[in-house]
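Below, each chain spelled out in residue letters.
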Amino acid sequence: MAAVPAPGVGTGPLSPVGNSIRFGNLDGDSDLDIVFSKTESNSVSYLLYYRRDVDANQNTIWTRYLIEATTNNPVKDIDVGDVSGEAMNDIIILQGSAIYYYLNDGLWTKKTVDAAAGAVNAIRLGDVNGDGYQDIVAALNAGVVKLYRNTPATPGTFQAALTYTVFGTPNLMSIDTGNQDADSTNYDDVVVGGANGNIFRLLGGAAGLTFSGNPYASPGGGASVIGVKIVEVCSSSCPAGTMEIMAAYSSSIRIYPHATLGFPLGFLTTITLAAPYNGHPLSSLAAGDFDDDGDDDFAVATAANNQGEILYFRNTNGATGASWDAVRTVDILNVRVFDIDAGDADKGKMSR
């Protein structure tokens, strides 16, 4: 595939918008590449792949490749993982009301998972049924979660969706996967965040998903959950092997402890944006161990009024997950930032 020049900034009234971004190892080496979806002001959208290489002098080189260009049909969400069973990561996308993946075959052949998935807001990969193959979960409007199970006999083909509806049927805006319940299984669990502020957890199993907290947390206030992550911010004071849930609301971040009983849950801690960022609505959440100390930190982005701030919060007490440094500014981009991701690009280490 040949590298392509940068698309123009467009001629319309709006600035270009970055819709979704995701780290992933796409060329089979030991580092991370980037997949990025952007829409220009003339409504042309691009799905781009940035391949990371290092030259003989150890200089990092990012080469950009065009995977797809469309008009009025942007890629809204991205995940990266091996769904085809060929030991190379593929690119899974949400485009309009459809879910597709690009097979990592040198040509990025586009494959259909569900051409009419519905009002999907977010997608994520995870091995929900423990068969060793990556499944796809989707968060939709009207409280619907869909599970697309990969087929072990023919990896990369997906069975008809299993559908689950959460209590109160709020629009579901964000989704994540991970082994959160510490049940000593190989099943990934699923957490979703609703437009009404509630969080829901579904446990993975051989037959699909089972609710464990419907809702899992009900903070009140009505603020939408714009991002939700399964994280590890707490060690000694939390049950061994368990993971926590982090949720970003309009101007605050809450961390909920692991629990098997007693729903809805109280929260472990709340972090609210302070001056000069108070009142700046959050648009995205990313978590990972940014300081290499064994516990997860997190970053957020703001989007309103072209603020484009990237803010970082460091976990200062991994024993409890209840103590955090004051906000640190990573950058102020002065553009609308709708998605961020975290990972160790040179070491090939993915974030949560």
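Each remark here, short or long, concerns the structure printed above.
Remember, predicted model here, so these are calculated numbers, not experimental data.

Chemist: How would you explain the overall build of the protein chain if you had to name every residue and give the values?
Modeler: A count of helical and extended segments in the protein chain gives zero helices and 26 strands. Across the 352 residues of the protein chain, 52% fall into the buried class. In the protein chain, 47% of the contacts between residues at least 6 apart in sequence involve partners at least 24 apart. A total accessible area of about 14100 Å² is found for the protein chain, and carbon and sulfur atoms account for 51% of it.

Chemist: Tell me about the packing of aromatic side chains, and name the residues and values.
Modeler: Tallying each qualifying case throughout the model produces six aromatic pairs. Each ring, one from Tyr 49 and one from Trp 108, has its centre 5.8 Å from the other, and the planes form 75°; the classification is edge-to-face. Of this pair, Tyr 49 sits in strand S3 (residues 44-54) while Trp 108 is found in the loop between strand S7 (98-103) and strand S8 (109-114), placing the two residues 59 residues apart along the sequence. Residues Tyr 49 and Trp 108 agree in their burial class; the two are buried. Judged by centre distance (6.3 Å) and plane angle (70°), the ring pair of Tyr 101 and Phe 158 falls under edge-to-face. Here the residue Tyr 101 occupies a position in strand S7, and Phe 158 occupies one in the loop between strand S11 (144-148) and strand S12 (162-165), the gap between them amounting to 57 residues. A residue is classified by how much of its surface remains accessible, and Tyr 101, at 4% relative accessible area, is buried. Since its relative accessible area comes to 16%, Phe 158 is described here as buried. Each residue in the set Tyr 49, Tyr 65 and Trp 108 is aromatic and connected to the rest through ring pairs, giving one cluster. When the ring centre of Tyr 249 is taken as reference, the NZ or CZ atom of Arg 254 above it lies at 5.9 Å.

Chemist: So what's going on with the sheet that holds strand S14 (residues 189-194)? Residues and values would help.
Modeler: With antiparallel pairing, four strands are arranged side by side in an open sheet as S13-S14-S15-S16. Each edge of the open sheet is held by one strand with a lone partner, namely strand S13 (172-178) and strand S16 (208-211). Adjacent strand axes in the sheet meet at a mean angle of 25° when their direction is disregarded. Note: S14 against strand S15 (residues 199-205), four bridges, orientation antiparallel.

Chemist: Tell me about the pairing of strand S20 (residues 269-272), and name the residues and values.
Modeler: Both faces of the sheet carry side chains from a regular strand, because those side chains alternate between them. Every second residue of S20 is oriented toward a common face, the buried set being Thr 269 and Ile 271 and the non-buried set Thr 270 and Thr 272. Pairing of strand S19 (residues 252-256) with S20 involves four bridges; the strand directions are antiparallel. Each residue of the ladder has a partner; that of Arg 254, found in S20, is Thr 270.

Chemist: Account for the pattern of salt bridges, naming residues and giving values.
Modeler: With the rule as written, the count across this model stands at 10 salt bridges. When the shortest N-O distance is used, the salt bridge between Lys 110 and Glu 68 registers 3.0 Å. Placement of Lys 110 in strand S8 and of Glu 68 in strand S4 (residues 60-71) is noted, with a sequence separation of 42 residues between them. Assessed through its relative accessible area of 32%, Lys 110 is described here as partly exposed. Residues Arg 314 and Asp 325 are paired through a salt bridge, measuring 3.0 Å at the closest nitrogen-oxygen approach. Remark: Asp 325 occurs in the loop between strand S23 (309-313) and strand S24 (328-332) and Arg 314 occurs in the loop between S23 and S24; sequence separation between them is 11 residues. Its relative accessible area of 25% is what places Arg 314 among the partly exposed residues. Note on Asp 325: relative accessible area 22%, which makes it partly exposed.

What counts, and at which threshold
- Residues numbered from 1 in each chain as written.
- Predicted model: local features only at pLDDT ≥ 70, side-chain atom pairs only at ≥ 80, totals over all residues.
- Heavy atoms only, no water.
- Helix = DSSP H or I, 4+ residues; strand = E, 2+ residues; numbered from the N terminus.
- Buried < 20%, exposed > 50% of the residue type's maximum accessible area, 1.4 Å probe, protein only.
- Contact = heavy atoms within 4.5 Å.
- Areas by Shrake-Rupley, 256 points an atom, 1.4 Å probe, with all protein chains shown as cover.
- Phe/Tyr/Trp six-rings, centres within 6.5 Å; stacked < 30°, edge-to-face > 60°.
- Lys NZ or Arg CZ within 6 Å of the ring centre and 35° of its normal.
- Pairing = 2+ DSSP bridges.
- Axes fitted to C-alpha atoms, helices over the stretch in contact; angles between N-to-C directions.
- Salt bridge = Lys/Arg side-chain N within 4 Å of Asp/Glu carboxyl O.

Shape is all these values report; function is a separate question.
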